[in-house]
Amino acid sequence: QVQLVESGGGLVQVGVSLRLSCAVSGRSLSTYTMAWFRQAPGKEREFVAGLPWRDYYADSVKGRFTISRDNAKNTLYLQMNSLKLEDTAVYYCAARPGISASGRDYRRVDDFGSWGQGTQVTVSS
C-alpha cells in the first residue's frame, strides 16, 4: 500500500559524508513509523535508525548518522557522516503503519511491512 524508493548511495572513501533519500508514495509519510536498515553480504539485515515522532539509533551509528523526514516532500533521509569501512552495505528504508502509543522503538525486521529495493553504499580506504 506504500511504495519506497531509496537513492543517494555510492562509492566513497572513509570519512566522507553521504545523504540517503527515501521517496514515499501511496501513503502519507506522516502516518508511518519509518526506519533505515542495512545488510552487508552474508549478514542479516540490521537496524540502523528509526523515526516515529523522535529519532533512535543503533549503537554502531550513534553520533555519526542522523535520520530525518520532510513530510511536505514525503521523503525520509539518512545523513551519514564519518563513514567507516564497516558501514558498507545495501541500505533499505522501511515503513510501519501508525505510531506506537507507548513510544516503543521498533528495531526488528519483522516490525516493518513495507520495504524499498535498497541503495548500495560502499566505503573504501
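The structure under discussion appears in the preceding block.
A short tour of the structure in this document, coming up.

### Some details on the packing of aromatic side chains
Evaluated as defined, the whole model comprises 5 aromatic pairs. With centroids separated by 5.3 Å and ring planes inclined at 15°, the aromatic side chains of phenylalanine 47 and tyrosine 56 adopt a geometry described as stacked. Pair check on accessibility: phenylalanine 47 and tyrosine 56 agree, each one buried. Three or more aromatic residues link up through ring pairs in this structure, and these residues are Phe37, Phe47, Tyr56, Phe112 and Trp115. It is arginine 45 that lies over the ring of tryptophan 115; its NZ or CZ is 4.9 Å from the centre. Stacked on the ring of tyrosine 106, the Lys or Arg arginine 96 has its end atom at 3.8 Å from the ring centre.

Definitions and limits used
- Residues numbered from 1 in each chain as written.
- Predicted model: local features only at pLDDT ≥ 70, side-chain atom pairs only at ≥ 80, totals over all residues.
- Heavy atoms only, no water.
- Phe/Tyr/Trp six-rings, centres within 6.5 Å; stacked < 30°, edge-to-face > 60°.
- Buried < 20%, exposed > 50% of the residue type's maximum accessible area, 1.4 Å probe, protein only.
- Lys NZ or Arg CZ within 6 Å of the ring centre and 35° of its normal.

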